[in-house]
Amino acid sequence: MTPLRIAVFVSIFTSTTLSFAANLPRNTQPYNVVVCQPNAGCIHHTIFGHDYKILNTDRFTVMVFLSTEGRYTRADVSITNLTSTPINLSPEDFRIEAATARSKVFLYVPPSQLDNVLTPTQATPNDAPNSNSEIGELEAARQRAAQEAIELAATTPHLKAIIIPPNQAVHGRVYFERDPSATHQQVNVVLPIADMVFKFPDIIKP
């Protein structure tokens, strides 16, 4: 994937995030903790092949997609500040809690401590799809789409501590510790943002 195409993908993702923030129904409950459930206005939307969970309140729009990468749990996170003031955001405050064991918490892992995760230099294209007519155009297109998804995942920036200006969005990947022996573990992705806490129930798959 060329730098230009990557830039286009990022631009589209940011535009999509801002569009959701403007058009989704908002959860106006006066609670500081908001859980991603249908009655809280939580929805699913597929973006670049990823099934994002989206929570929209009158102050923030938060989008999360959870996956497994190597020995870590990865969360692709997008946050839109709908307030009139800048907010401080730190991914170090994020965590994952095991739903079946409240005391079990999987902490944020900073980029400097990660081992064997995708980087742009590692996301090199595979060999060209087999030109054998038996594969067909659909299979070739599927292979190209899968390769582009890998490249895009690798080029998604790490989410860092940042100040989000009013009506602006940030997007990035965050890594957490993971229990390698667990299978299909029910968890809550917990994202403290300003004076609110967003919780996204999900399942970590091996």
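The coordinates are above.
Everything numeric here is computed off the predicted structure, so don't read it as measured data.

Caption draft 1: Examining the overall build of the protein more closely. Looking only at helices and strands, one finds 2 helices and 12 strands in the protein. Ordered by position from N to C terminus, the α and β elements of the protein give α-β-β-β-β-β-β-β-β-α-β-β-β-β. Contacts in the protein between residues at least 24 apart in sequence constitute 64% of all its contacts with a sequence separation of at least 6.

Caption draft 2: Spatial organisation of the packing of aromatic side chains. Counted by the stated rule, this structure contains 3 aromatic pairs. Pairing Tyr52 with Phe65 gives two aromatic rings, centres 5.8 Å apart and planes at 45°, and the pair type is tilted. Note that Tyr52 is positioned in strand β3 (residues 50-56) and Phe65 in strand β4 (residues 60-69), a separation of 13 residues in sequence. We note that Tyr52, like Phe65, is buried. A ring pair is formed by Tyr72 and Tyr175, whose centres lie 6.0 Å apart and whose planes are at 70°; its orientation type is edge-to-face.

Caption draft 3: Structural view of the state of the cysteines. All told, the structure shown has 1 disulfide when counted by the stated rule. There is a disulfide in this structure between Cys36 and Cys42, and the S-S distance comes to 1.6 Å. Like Cys42, Cys36 is buried.

About the criteria used
Residues numbered from 1 in each chain as written. Predicted model: local features only at pLDDT ≥ 70, side-chain atom pairs only at ≥ 80, totals over all residues. Heavy atoms only, no water. Helix = DSSP H or I, 4+ residues; strand = E, 2+ residues; numbered from the N terminus. Contact = heavy atoms within 4.5 Å. Phe/Tyr/Trp six-rings, centres within 6.5 Å; stacked < 30°, edge-to-face > 60°. Buried < 20%, exposed > 50% of the residue type's maximum accessible area, 1.4 Å probe, protein only. Disulfide = S-S within 2.5 Å.

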